Amino acid sequence: MSVQTSLPTASSAELPIGVFDSGIGGLTVAREIAVCLPHESLLYFGDTLRCPYGPRSLDEVEGFALQISEWLVAQKVKLIVIACNSATAAGLEIIQRRVQVPVIGVIEPGARAAVQATTSRRVGVIGTIATIESGAYTRAIRSLDAGITVFSAATPRFVEIVEQGMRLDRNPIEDIMAQTDSLYIRPAFSEIARDYLDPLKRCNIDTLVLGCTHYPLLMPLIRSIMGPEMQIISSARETALEVLNTLERRGQLASPECIPHHSFVTTASNSADFVQLGSAIFGSKLEDVKTVLINEL
Ligand code: DGL
């Protein structure tokens, strides 16, 4: 039997990193990757047409995630980041088994950060229905420290609150990651947030994991309910550091001379909304944007 190995070559280091999400939320992760690895090019895929993934079955989301990963590999990415908790919960393992490039999800990095942050060993997790019902966070946290008690709650309407808040914002290309206080929250949405978060607060947690890549955009709202002492974990930074470590270990970091080029793909036939909201999250205008139809995947 002959075993074929494919060692990274110098040119593979110049290939882009593939990042995908159900829509715009994963741009919170893409943004951190661009900050932590400023010479890397990104190919971001937002499956806007089929968003949200959260209310769908894990089997359906697994199928979407695998389809997008195989498409990204065909575009010759050197690594894939699943910048969506629902897709990570549903598909990380199967994608890792099926594709030839390293695949990093957002759940393990977030879980690791939570385990490091908690002192009371009482950790809360919020996310979509798919993510919470999968139990993936509880497993990931407890595999690192079986003594931690995890309290989880599905908070599906937070995705809608983020997107509506951004659409109602005064300045459409405002950098909302830098000025999150400016995100407009309707009073009715603050009520919803309180209903979601008060029960978790009563569980005496000291750490809350934002188990959805949309949620960092609601940080001021969540912080105002959970209080100033709560450690609030977003997995974006931890995931970016894992990408850095993986590429470094494989000798695949882009050289410091590389000028990065970021390109963006949406499955929506009209990309205007994706560009407007996405630019505010990514922190700079999304320039190279294409539509890829689902039947082209
Ligand atoms: N950004 C997705 C996640 O992290 C949530 C949005 C959706 O439901 O598609 O799970």
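Above this note sits the structure.
Bear in mind that the values here come from a model prediction, so they are computed numbers and not experimental data.

Caption draft 1: Just the nonpolar core, in detail. Grouped together as the largest cluster of nonpolar side chains are 53 residues, with contacts concentrated most on Ile33, Ile126, Phe158, Leu197, Leu208 and Ile222. The biggest single contributor to this core is helix H8 (residues 187-201), with 6 residues. Once residues lying within four places of it in the same chain are set aside, the contact partners of isoleucine 222 are Ile126, Phe158, Leu197, Leu208, Leu210, Tyr215 and Ile232. Trp71, Ile94, Ile95 and Val101 belong to the second-largest nonpolar core, a separate cluster that totals 24 residues.

Caption draft 2: Inspection of the site of the ligand at higher detail. The immediate surroundings of the ligand are formed by 14 residues, with Ser22, Tyr53, Gly54, Ser86 and Thr213 found nearest. Within the backbone of tyrosine 53, a nitrogen or oxygen atom sits 2.6 Å from an oxygen atom of the ligand. In the model, a nitrogen atom of the ligand is placed 3.4 Å from a nitrogen or oxygen of the histidine 214 side chain. Taking 300 Å² as the accessible area of the ligand by itself, protein coverage stands at 99%. Of the residues assigned to the shell around the ligand, the class counts are 6 nonpolar, 7 polar and 1 charged.

Caption draft 3: Just the sheet that holds strand E5 (residues 122-127), in detail. Strands sit in the order E6-E5-E7-E8 across an open sheet of 4 strands; the sheet is parallel. In this open sheet, the two edge strands, each paired with only one partner strand, are strand E6 (149-154) and strand E8 (231-234). For this sheet the average axis-to-axis angle between neighbouring strands, irrespective of direction, equals 20°. One ladder, built from 6 bridges, connects E5 with E6; its direction is parallel. From the neighbouring strand, arginine 122 faces E6, where its bridge partner is threonine 149. Across the sheet, helix H4 (residues 107-117) touches E5, strand E7 (207-211) and E8, and the angle it forms with E8 is around 160°.

Caption draft 4: Local environment of the environment of arginine 167. Tracing the chain through its elements places arginine 167 in helix H7 (residues 157-168). We classify arginine 167 as partly exposed; its relative accessible area is 41%. As for arginine 167 and valine 289, which are separated by 122 residues in sequence, their C-alpha atoms are 20 Å apart. Residue contacts for arginine 167: discarding those within four places in its chain leaves Asp273 and Leu277.

Caption draft 5: Quick look at the packing of aromatic side chains. The tally for this structure, following the rule as stated, stands at 7 aromatic pairs. Aromatic side chains tyrosine 44 and phenylalanine 264 sit 6.3 Å apart centroid to centroid with 45° between the ring planes, which places their arrangement in the tilted category. Of this pair, tyrosine 44 sits in strand E2 (residues 42-46) while phenylalanine 264 is found in strand E9 (residues 263-266), placing the two residues 220 residues apart along the sequence. Just as tyrosine 44 is buried, phenylalanine 264 falls in that class too. On the basis of an interplanar angle of 85° and a centroid distance of 5.2 Å, the ring pair of phenylalanine 158 and tyrosine 196 is categorised as edge-to-face. One end of the pair, phenylalanine 158, is in helix H7; the other, tyrosine 196, is in helix H8, and 38 residues separate them in sequence. Note on accessibility: phenylalanine 158 and tyrosine 196 belong to one class, buried. What links up through ring pairs into an aromatic cluster is the set Tyr44, Phe264, Phe274 and Phe282. The residue whose ring lies beneath arginine 50 is phenylalanine 64, and the NZ or CZ to ring-centre distance is 3.9 Å.

Caption draft 6: Just the pattern of salt bridges, in detail. Tallying each qualifying case throughout the model produces 9 salt bridges. Of the charged contacts, one joins glutamate 242 and arginine 112 as a salt bridge, the two residues approaching to 2.9 Å between their closest N and O atoms. Taken together, the positions of glutamate 242 in helix H10 (residues 235-249) and arginine 112 in helix H4 put the pair 130 residues apart, joining distant regions of the chain. The exposure class assigned to glutamate 242 is partly exposed, which follows from its relative accessible area of 22%. Between aspartate 288 and lysine 290 there is a salt bridge, with its nearest N and O atoms 3.4 Å apart. Residue classification places aspartate 288 among the partly exposed positions, given a relative accessible area of 23%. On the accessibility criterion, lysine 290 (47% relative accessible area) is partly exposed.

About the cut-offs
- Residues numbered from 1 in each chain as written.
- Predicted model: local features only at pLDDT ≥ 70, side-chain atom pairs only at ≥ 80, totals over all residues.
- Heavy atoms only, no water.
- Core = buried A, V, L, I, M, F, W, Y, C linked by side-chain atoms within 4.5 Å.
- Buried < 20%, exposed > 50% of the residue type's maximum accessible area, 1.4 Å probe, protein only.
- Helix = DSSP H or I, 4+ residues; strand = E, 2+ residues; numbered from the N terminus.
- Contact = heavy atoms within 4.5 Å.
- Near = heavy atom within 4 Å.
- Polar contact = N/O pair within 3.5 Å; in protein donor to acceptor, adjacent residues only side chain to side chain.
- Areas by Shrake-Rupley, 256 points an atom, 1.4 Å probe, with all protein chains shown as cover.
- Nonpolar A, V, L, I, M, F, W, Y, C, P; charged D, E, K, R; others polar.
- Pairing = 2+ DSSP bridges.
- Axes fitted to C-alpha atoms, helices over the stretch in contact; angles between N-to-C directions.
- Phe/Tyr/Trp six-rings, centres within 6.5 Å; stacked < 30°, edge-to-face > 60°.
- Lys NZ or Arg CZ within 6 Å of the ring centre and 35° of its normal.
- Salt bridge = Lys/Arg side-chain N within 4 Å of Asp/Glu carboxyl O.

On their own, these measurements won't tell you what the molecule is for.
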